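# Survey of secondary and tertiary structure
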Amino acid sequence: QVQLAESGGGLVQAGGSLRLSCAASGRIFRQYAMGWFRQAPGKEREFVAAISWSGSRSYGDSVQGRFTISRDNAKNTVYLQMNSLKPEDTAVYYCALDLHGITRSASSPNEYDYWGQGTTVTVSS
C-alpha cells in the first residue's frame with residue numbers, strides 16, 4: 001500500500017506565496033508520476049500540475065506561469081511552489097500518484113492510483 005501526506009497549506013494574502021509538499025511512503029516498486037489537483041467548495045476537482053518520473057511537467061491553464069512543480073526522487077517527495085496567489089486559488093489541494101508515470105504527467109484524475117487526504121489553501125483578498 002502507498003500513503004501520501006500533504007503539508008504546507010494555510011492562509012495567505014493575495015499576491016503571496018506558499019509551497020506545498022507531498023511525501024509518498026509504502027511499497028512503491030515502479031517509477032511513478034505525481035500530480036496536484038484542487039477542489040473548491042461546490043466545484044469539480046481541477047488539475048493543477050503533474051510531473052513524471054523522468055521530469056516532464058504539465059500545468060493547468062489557470063496556474064501556468066505562477067505555479068511550479070518539482071520532485072525529489074530520493075525523498076519520494078513532490079513540491080508545488082505557488083506564487084502570485086489569487087483568491088480563486090482557494091481550495092483543498094490533493095496530491096496523487098500515478099504508478100504508470102515514467103514519462104507521462106497526466107492531467108486526468110482517472111490516471112492516478114493513490115491520493116492524499118488534502119491540505120487547505122486559503123487566499124484572502
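Definitions and cut-offs
Residues numbered from 1 in each chain as written. Predicted model: local features only at pLDDT ≥ 70, side-chain atom pairs only at ≥ 80, totals over all residues. Heavy atoms only, no water. Pairing = 2+ DSSP bridges. Helix = DSSP H or I, 4+ residues; strand = E, 2+ residues; numbered from the N terminus. Axes fitted to C-alpha atoms, helices over the stretch in contact; angles between N-to-C directions. Buried < 20%, exposed > 50% of the residue type's maximum accessible area, 1.4 Å probe, protein only.

## Details of the sheet that holds strand S8 (residues 77–82)
The 4 strands lie next to each other as S1-S3-S8-S7, forming an open sheet whose pairing is antiparallel. The sheet is open, and its two edges are formed by strand S1 (2–7) and strand S7 (67–72), each paired on a single side. Each neighbouring strand pair of the sheet contributes to a mean axis angle of 15°, computed without reference to strand direction. Sheet topology places S7 next to S8; 6 bridges connect them, and they run antiparallel. Bridge pairing in S8 places Ser 70 opposite Tyr 79.

## As for the pairing of strand S9 (residues 91–98)
Here S9 lies mainly inside the structure; 7 of its 8 residues are buried. Relative to S9, strand S4 (residues 33–39) runs antiparallel, the two being bridged by 7 bridges. Bridge pairing links Ala 33 to Asp 98 in S9. Bridge analysis of S9 against strand S11 (residues 119–124) gives 3 bridges, and the strand direction is antiparallel. Within the sheet, the bridge partner assigned to Ala 91 lies in S11 and is Val 121.

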